[in-house]
Each structure stands twice: as structure tokens, then as C-alpha cells.
Amino acid sequence: TDNQSGVDSYEIYVNGTKVSTTNSYTITNMPFNASYSYYVIVTDKAGNSRQSSTGTVSNKLYVSNATDLRNLATAVNSGNSFNGKTIIQTANIALGCSSTNQWTPIGNSNYAFAGTYDGNHKTISGMYINNTSWYQGLFGYNKGSIVNLGLTSGTVKGMQYIGGIVGYNDTTGFIASCYNKANIIAAIIM
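Details of the overall build of the protein chain
When helices and strands are tallied, the protein chain shows one helix and 16 strands. Taken over the C-alpha trace, the protein chain has a radius of gyration of 23 Å; the compact-globule value for 190 residues is 16 Å, which it surpasses by more than 25%. A principal-axis box enclosing the C-alpha atoms of the protein chain has dimensions of 85 × 30 × 30 Å. Counting over 190 residues, the protein chain shows a buried share of 37%. Put simply, of all contacts in the protein chain between residues at least 6 apart along the chain, 76% involve residues at least 24 apart.

A few points about the environment of F113
The topology assignment puts F113 in the loop between strand 8 (93–94) and strand 9 (116–125). C-alpha of F113 to C-alpha of A73: the two residues are 40 residues apart in sequence and 8.9 Å apart in space. Those residues within four positions of F113 in sequence are excluded, and the remaining contacts are V76, S81, F82, I87, I106, G107, F139, Y141, N142, K143, G144 and S145.

What to know about the pattern of salt bridges
This model, assessed by the stated rule, comprises one salt bridge. Where E11 meets K18, a salt bridge forms, and the shortest distance between an N and an O atom there is 3.7 Å. Taking the relative accessible area as the measure of exposure, E11 reaches 23% and is therefore partly exposed.

Some remarks on the environment of Y25
Among the structural elements, Y25 can be located in the loop between strand 2 (17–20) and strand 3 (35–44). For the pair Y25 and L138, spaced 113 residues apart in sequence, the C-alpha to C-alpha distance is 37 Å. Every residue in contact with Y25, bar those within four places of it in the chain, is listed here: I12, V14, V19 and S20.

What counts and what doesn't
- Residues numbered from 1 in each chain as written.
- Predicted model: local features only at pLDDT ≥ 70, side-chain atom pairs only at ≥ 80, totals over all residues.
- Heavy atoms only, no water.
- Helix = DSSP H or I, 4+ residues; strand = E, 2+ residues; numbered from the N terminus.
- Rg over C-alpha atoms; globule rule 2.2 N^0.38 Å.
- Buried < 20%, exposed > 50% of the residue type's maximum accessible area, 1.4 Å probe, protein only.
- Contact = heavy atoms within 4.5 Å.
- Salt bridge = Lys/Arg side-chain N within 4 Å of Asp/Glu carboxyl O.

The following block contains the structure:
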């Protein structure tokens, strides 16, 4: 802008279409994993215009706390596999689980997780599971990709297919750059 004359107008373009003549714009109802390009043209009162460089915004799902993670588990366990979608963890998460507030794994034998979970080199702590069910872990049943995640504390006790990060990793599942420091206990029935 010209310091002498001030800003006269803004034009915001998304995917080549002018969407606003104010200094801000919010994209609503953006399809998941969609990507949009944008730029802004600012004109000062002297008639000088300048266009910003083009940027890109994409719609990804972010988790930043225990509630977000529980909502992810509920969605997957209700049939949303998140296939083709990316979930990014933005902060270290303390689950705060206990014997009266146990963790429900993300995915089960009926509904597996099939998206990409990027832990973004963050950690999860305080997970607690104690039952005789199969497919127990942060993720119970994985057909997707889980990367860059650390489980720093917790206890997982289950019957079969149990683990810290993943209880059962299907042949299509991929796990990389993850670590587990939770206690894993396999229940034995005689």
C-alpha cells in the first residue's frame, strides 16, 4: 500500500474467482482433503494495485486434545474409516484415563481406521485399558498409516491383538517413526 494515500479496496480470489471485497474471507463447507489456491489484490487510494503471491489452503482434520482424540475414536467406531483423509496431531495430549475412565481404541474388528494419522512428532500419555477384549491399543484395528507418534505412558491389558500404538495392524496398515512406553499385558485364560 501507499503510506500517503491508504488502502482503498481489497479483492480476495479463491481458485481464480473473486469471493470478497473486504480484508478477510472464511471458506465454509469445505470438502475434506480439498485444496484451494488464493491471492489478494490491494489497491491504494492513488490507484496503485498490488497482488499477493498465491497461497494454498487445504482441509485436514486436526486433533489437539483428549476430546478430539475421543471424537476420532467415536467416528471410526461408528463406521467412518477416514480412508484417504489425513489427521494431524497439533499438541501433546494427556488422555487422563483411569480404571473408571478407560480408553476406547480407535477402530475395531468391525470398523478399522483406514486414514493417515500423523502424530507430528507429538506424544500421547495416560492411556488406560483393562479388559479381556481383542484389538486393544491407542488404535485397536489399523488399515491405514500411523506415523510420527509417541505413546509415553499408560497400561494396555487385553486378550489378543494388543499393543501400545496399535493392537492389530492389518496387512494394508503402515506404522513408521512411532514408539511405545506403555505397559502391555496379555490376559491369559486357562
